[in-house]
Amino acid sequence: MRRRLRRVLCMNALALLAGAGYAALVLRRGIAVPCLFRAMTGLRCPACGATRMALALLRGDVRTAFRHNPLLFLLSPALLAVAAAVQFRYVSRGEVRLSPGLRRLMTTLYALFLLFGALRNLPGAPFQ
């Protein structure tokens, strides 16, 4: 169990470091990963605005964060809860599979995400 806990803590630390490094790169150098979906199609993908949303949250600007990607903003607590549940299950039991309830939740979240991606590209959509 200690080995699994150490592995999870190291992976979380690496993810935080990578996120902090990416945020610093964007803020200081203005270098960001472009959306390949938008570059190829001209349409906004469901995740378009995620970097700007995260940077606005880091500045404490909740209103702007919500405007950049409202669905991802609203779903973030649920996604973090799922990640925490998966990590807890792995550390405590060594299981890497999602429970049936978490699978249903993730399927619902994916469906909402795809629906949002379609709706945000309609003419006159309130969330660009």
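The structure displayed is predicted, hence computed values, not measured ones.

A. Looking closely at the overall build of the protein chain. When its secondary structure is counted, the protein chain shows six helices and zero strands. The linear arrangement of helices and strands in the protein chain, starting from the amino end, is α-α-α-α-α-α. A principal-axis box enclosing the C-alpha atoms of the protein chain has dimensions of 50 × 35 × 30 Å. Of all 128 residues assigned to the protein chain, the portion counted as buried reaches 23%. Restricting to contacts in the protein chain with at least 6 residues of sequence separation, those with at least 24 account for 46%. Accessible surface computed for the protein chain: about 9,200 Å², of which carbon and sulfur atoms make up 68%.

B. The arrangement of helix H6 (residues 100–119) in detail. With 20 residues, H6 extends 29 Å from end C-alpha to end C-alpha; this agrees with the ideal 28 Å at 1.5 Å per step. Within the span of H6, buried status applies to Leu102, Met106, Leu109, Phe116 and Gly117. The arc that holds the buried residues of H6, viewed along the axis, is 100°, so those residues lie on one side. In H6, those exposed residues whose orientation departs by more than 90 degrees from the buried face are Arg104, Thr107 and Leu114.

C. Representation of the packing of aromatic side chains. Here the structure, examined in full by the defined rule, presents one aromatic pair. On the basis of an interplanar angle of 90° and a centroid distance of 5.6 Å, the ring pair of Phe66 and Phe73 is categorised as edge-to-face. Judged by relative accessible area, which is 21%, Phe73 ranks as partly exposed.

D. The arrangement of the state of the cysteines in detail. Scanning all chains against the criterion turns up zero disulfides. Cysteine Cys48 remains unbridged, with the sulfur of Cys35 as its closest cysteine sulfur at 3.5 Å.

E. Region of the structure containing a positive patch on the surface. A cluster of basic residues, Arg2, Arg3, Arg6 and Arg7, forms a positive patch on the protein surface. We classify Arg7 as partly exposed; its relative accessible area is 42%.

F. Seen up close, the nonpolar core. Counting residues in hydrophobic clusters, the biggest one holds seven residues: Leu71, Leu75, Val82, Leu102, Met106, Leu109 and Phe116. Secondary-structure elements contributing two or more residues to this core are helix H5 (70–93) and H6. Leu71 has contacts with Leu112, Phe113 and Phe116, leaving out every residue within four places of it along the chain.

G. Inspection of the packing of helix H1 (residues 2–29) against helix H3 (residues 50–59) at higher detail. Running from amino to carboxyl end, H1 crosses H3 at an angle of 90°, the nearest separation of the two axes being 11 Å. Taken together, the axis directions place H1 and H3 in an arrangement best described as roughly perpendicular. The residues of H3 that touch H1, namely those facing Tyr22, Ala23, Val26 and Leu27, are Thr51, Leu55 and Leu58. Taken together, the residues of the contact of H1 with H3 sort by class into six nonpolar, one polar and no charged.

Rules of the game
- Residues numbered from 1 in each chain as written.
- Predicted model: local features only at pLDDT ≥ 70, side-chain atom pairs only at ≥ 80, totals over all residues.
- Heavy atoms only, no water.
- Helix = DSSP H or I, 4+ residues; strand = E, 2+ residues; numbered from the N terminus.
- Buried < 20%, exposed > 50% of the residue type's maximum accessible area, 1.4 Å probe, protein only.
- Contact = heavy atoms within 4.5 Å.
- Areas by Shrake-Rupley, 256 points an atom, 1.4 Å probe, with all protein chains shown as cover.
- Expected span 1.5 Å × (residues − 1).
- Arc of directions from axis to C-beta.
- Phe/Tyr/Trp six-rings, centres within 6.5 Å; stacked < 30°, edge-to-face > 60°.
- Disulfide = S-S within 2.5 Å.
- Patch = residues over 30% accessible without salt bridge, like charges linked within 9 Å, V, L, I, M, F, W, Y side chains within 5 Å.
- Salt bridge = Lys/Arg side-chain N within 4 Å of Asp/Glu carboxyl O.
- Lys, Arg positive; Asp, Glu negative; His and termini not counted.
- Charge placed at Lys NZ, Arg CZ, Asp CG, Glu CD.
- Core = buried A, V, L, I, M, F, W, Y, C linked by side-chain atoms within 4.5 Å.
- Axes fitted to C-alpha atoms, helices over the stretch in contact; angles between N-to-C directions.
- Parallel < 35°, antiparallel > 145°, perpendicular 65-115°, else oblique.
- Nonpolar A, V, L, I, M, F, W, Y, C, P; charged D, E, K, R; others polar.

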